[in-house]
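# Close look at the chain arrangement
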Amino acid sequence: NAGVTQTPKFRVLKTGQSMTLLCAQDMNHEYMYWYRQDPGMGLRLIHYSVGEGTTAKGEVPDGYNVSRLKKQNFLLGLESAAPSQTSVYFCASSPTGGSGANVLTFGAGSRLTVL
Amino acid sequence: SQQGEEDPQALSIQEGENATMNCSYKTSINNLQWYRQNSGRGLVHLILIRSNEREKHSGRLRVTLDTSKKSSSLLITASRAADTASYFCVTKTGANNLFFGTGTRLTVIP
C-alpha cells in the first residue's frame, strides 16, 4: 500500500522554466492538498481539491496552478519558476474534509531549487 | 495570521525523560492535530483532539486542549531516541482551513 507518492523527489530549475509535480494516492481519498515548507514558517497551503474535477486556492496560490482530472492524482504546476519558489513541496490527502476531521496523509516531499 | 505557534522552538532531553511542547493559536477552532516530521520526510499524523475535548491519550502521547486559553500541549512520556523529530500542531478553523504551526524540534539523547 503506497499511500501518497510524489514525483519527482528533487528538481533544479532555472528562473522562468516550467514544471509539474505529480501526486498520486491509492487510498480513494476525496481531498488532496499541496503545501510548501520553508524554514521557520511551517507548512503553507498552496491549493487544494475537495474531489475529482475541483480545485481551490489556499493561502499562497500565486505562481502555481493545479489540476485534479482523476480522483487519485493531483498535479501542481509552476508556469514560470522564480527563486522565491525554492522550497520543499508536500502533497497530502484526507478521506474527509468540510465538517470532518481532515486527518492528512503526506507524501515524502519534493525538493525544488530555482536558480 | 491564524497560524499556531509552538513553544519551545527546540527541546533537547535525555532518553527516558518526558517531553512537553505547547501550541498557542489565535482563533476558535474545530479541532487540533499533532503531526511528527522526521528529518527529510513527510509529516505523520499522531493524534487529534476536538474542540469539545480537554484531554486525549494515545500510547505514550497525551494531548490537552484549553480552548479558553487557545492553547494545547503534547506530552511524550518515557522518550526514546526514535522520538527525535519536529512536532507540529495543526488547527482547523473552517471547512478546509488547516493551519500549521512552525514546529518544535525535539532531540532525544540516548
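Below you will find a few notes about this structure.

Rules used throughout
Residues numbered from 1 in each chain as written. Chains lettered and ligands numbered in written order. Predicted model: local features only at pLDDT ≥ 70, side-chain atom pairs only at ≥ 80, totals over all residues. Heavy atoms only, no water. Disulfide = S-S within 2.5 Å. Helix = DSSP H or I, 4+ residues; strand = E, 2+ residues; numbered from the N terminus. Buried < 20%, exposed > 50% of the residue type's maximum accessible area, 1.4 Å probe, protein only. Salt bridge = Lys/Arg side-chain N within 4 Å of Asp/Glu carboxyl O. Contact = heavy atoms within 4.5 Å. Polar contact = N/O pair within 3.5 Å; in protein donor to acceptor, adjacent residues only side chain to side chain. Nonpolar A, V, L, I, M, F, W, Y, C, P; charged D, E, K, R; others polar.

## Here we look at the state of the cysteines
Working definition of a disulfide: a covalent bond connecting the sulfur atoms of two cysteines. The tally for this structure, following the rule as stated, stands at two disulfides over all chains. Two residues share a disulfide in this structure: Cys23 of chain A and Cys91 of chain A, whose sulfurs sit 1.9 Å from each other. Across the disulfide from Cys23 of chain A to Cys91 of chain A, rotation about the S-S bond amounts to roughly -75°, and the bridge is consequently left-handed. Of the two residues, Cys23 of chain A sits in strand E3 (residues 19-25) while Cys91 of chain A sits in strand E9 (residues 87-94), which places them 68 residues apart along the sequence. Comparing Cys23 of chain A with Cys91 of chain A, the two get one shared label, buried. Bridging Cys23 of chain B to Cys89 of chain B, the disulfide has an S-S length of 2.0 Å. An S-S torsion of about 60° defines the bridge between Cys23 of chain B and Cys89 of chain B as right-handed.

## Some remarks on the pattern of salt bridges
The final tally for this structure, using the stated rule, is six salt bridges over all chains. Taking the shortest distance from any N to any O, the salt bridge between Asp38 of chain A and Arg36 of chain A comes out at 2.9 Å. Judged by relative accessible area, Asp38 of chain A falls into the buried class, the value being 11%. Close ionic contact of Glu55 of chain B with Arg62 of chain B constitutes a salt bridge, the shortest N to O distance being 3.2 Å. We classify Arg62 of chain B as partly exposed; its relative accessible area is 31%. Three or more residues are tied together by salt bridges with common partners; here these are Arg36, Asp38 and Arg44 of chain A.

## Looking at the interface of chain A and chain B
Across the contact, 22 residues belong to chain A and 21 residues belong to chain B. Summed over the shared surface of chain A and chain B, the result is zero salt bridges. Across the contact surface, chain A and chain B share four residue pairs in polar contact (both at pLDDT 80 or more). Going through the elements one at a time, strand E4 (31-37) and strand E5 (43-49) of chain A are the ones with two or more residues in the side of chain A that touches chain B. Taken together, the residues of the side of chain A that touches chain B sort by class into 13 nonpolar, nine polar and no charged.

On their own, these measurements won't tell you what the molecule is for.
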